[in-house]
Every structure is written in structure tokens, then in C-alpha cells.
Amino acid sequence: MTTLHFDDLSIGLAWRSASTTVTEADIIGFARDFDPQPFHTDPAAAASHRLFRGLAASGWHTAALTMRLIATGTTAIAGGIIGNGIDELRWPRPVRPGDILSVTSEVTELRPPEPGRGVGWARIRNTTTNQNGEVVQTMIANLSIPRRPQD
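Just so it is clear, the model here is predicted, and its values are computed rather than measured.

J.: I'd like a description of the nonpolar core, backed by residues and values.
T.: The biggest cluster of nonpolar side chains holds 17 residues, and the ones touching the most others in it are Val22, Ile27, Leu55, Val95 and Leu101. Contributing elements (two or more residues each) for this core: α1 (24–34), α4 (59–71), β5 (100–111) and β7 (135–146). Those residues within four positions of Val22 in sequence are excluded, and the remaining contacts are Ile27, His61, Leu65, Val95, Arg96, Pro97, Gly98, Asp99 and Leu101. Ranked by size, the runner-up nonpolar core spans eleven residues in total, among them Leu4, Phe6, Ile124 and Ala141.

Here's what the structure looks like:
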């Protein structure tokens, strides 16, 4: 596993996560607990929905899957993913049963630590795509990332 400290980051640095397959049961189960709307919980009702025209994962489910892929990937942020907020969260395309999702993370902005502080700030654009390369979510996260410890 690669662990990234603030000192390892540069604008444009990017990495990709592993992938996960989304099942109908996953979509319905998450929605029943957290977003109980018929186009997420009932395939028959979803089929007649004028926008989705079929079962679609909740955007919050997509966000949770994205977080899991980022947190369990082969590239880790030192000290964990400590968020200071999200500037943008968009779902341009629905996630469907059978979709295989992966995430590309890219550093878009860096702010070095203030004097005497061992933590810098980074803006990371996370783009979640399906098996066809279609974007299903974009998220711009602001993270606190520690510097590499000095010997």
C-alpha cells in the first residue's frame, strides 16, 4: 500500500481505486434504510418513473460506495481521510444494478501547513465512473493531510 503525506502531493497527482459491483439487493437495502423512495426500493415502480426508467441507486449510496473505495484503496492518505468539507457533489448519471464502480482521485490544489503546524490542506477531485467509463459522481473534497514526520 502507498501512503501519501502532504509532502508527497503535487497538483495533478492522481490515483485510481479498486472496483466494486453494485447489486439490486445493495441498492434496495441501502435505500430502505436511508433513502426510501420508490425509484430506489421498488423495481416495478422505478420502471415507470419518468426520469429514471428503472431502479437507480440513491446518490447517497453512490457517495458511500465512493468513500469505501477511497478508504480501502491501495493508495492511502496518512492519518486517514480527514475532511474539512465538500465543495461539490454531483450525480450526473444514475447507478444501476450490475454497475461496476471505481474512483479516480486527483489533487487540484494544495496549501502548505502554517508555521509550527504539521498538517497541510489539499483539494481532491474524486470522480466515480461505471464500467463504461461514464461519470456517475463527482466530488471535490477538502482534506487535512499531515506532513511526513521529521527524523
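J.: How would you explain the pattern of salt bridges if you had to name every residue and give the values?
T.: Within this structure, the stated rule accounts for six salt bridges. Across the salt bridge formed by Arg148 and Asp8, the nearest N and O atoms sit 2.5 Å from each other. Taken together, the positions of Arg148 in the segment after β7 and Asp8 in the loop between β1 (2–4) and β2 (14–21) put the pair 140 residues apart, joining distant regions of the chain. Judged by relative accessible area, Asp8 falls into the partly exposed class, the value being 29%. Taking the shortest distance from any N to any O, the salt bridge between Arg93 and Glu134 comes out at 3.9 Å. Linking Arg93 in the loop between β4 (82–90) and β5 with Glu134 in the loop between β6 (119–129) and β7, this pair joins segments that are 41 residues apart in sequence. You can call Glu134 partly exposed: its relative accessible area is 28%. Salt bridges linked by common partners bring Asp87, Glu109 and Arg123 together as one network.

J.: Can you tell me about α1, naming the residues and giving the values?
T.: Along α1, the positions that sit buried rather than exposed are Ile27, Ile28, Phe30 and Ala31. The arc enclosing the buried residues of α1, seen along the axis, measures out at 165°, which places them on a common side. Opposite the packed face of α1, turned more than 90 degrees from it, sit the exposed residues Ala25, Arg32 and Asp33.

J.: I'd love a proper account of the packing of α1 against α4, names of residues and values included.
T.: Running from N to C, α1 and α4 point in directions that differ by 110°, and their axes come no closer than 9 Å. Compared by their axis directions, α1 and α4 come out roughly perpendicular. In this structure, the crossing between α1 and α4 has a hand that is right-handed. Contact residues: α1 offers Asp26, Ile27 and Phe30, while α4 offers Trp60, His61 and Ala64. In terms of residue class, the contact of α1 with α4 is made up of four nonpolar, one polar and one charged.

J.: Would you mind going over unusual backbone geometry in detail, with residue names and values included?
T.: At Arg53, a residue that is not glycine, the phi angle is positive and equals roughly 50°. Along the chain, the position of Arg53 falls in the loop between α3 (43–47) and α4. Residue classification places Arg53 among the exposed residues on the basis of a relative accessible area of 64%.

Calculation criteria
Residues numbered from 1 in each chain as written. Predicted model: local features only at pLDDT ≥ 70, side-chain atom pairs only at ≥ 80, totals over all residues. Heavy atoms only, no water. Core = buried A, V, L, I, M, F, W, Y, C linked by side-chain atoms within 4.5 Å. Buried < 20%, exposed > 50% of the residue type's maximum accessible area, 1.4 Å probe, protein only. Helix = DSSP H or I, 4+ residues; strand = E, 2+ residues; numbered from the N terminus. Contact = heavy atoms within 4.5 Å. Salt bridge = Lys/Arg side-chain N within 4 Å of Asp/Glu carboxyl O. Arc of directions from axis to C-beta. Axes fitted to C-alpha atoms, helices over the stretch in contact; angles between N-to-C directions. Parallel < 35°, antiparallel > 145°, perpendicular 65-115°, else oblique. Left-handed = near helix turned anticlockwise from the far one by under 90°. Nonpolar A, V, L, I, M, F, W, Y, C, P; charged D, E, K, R; others polar.

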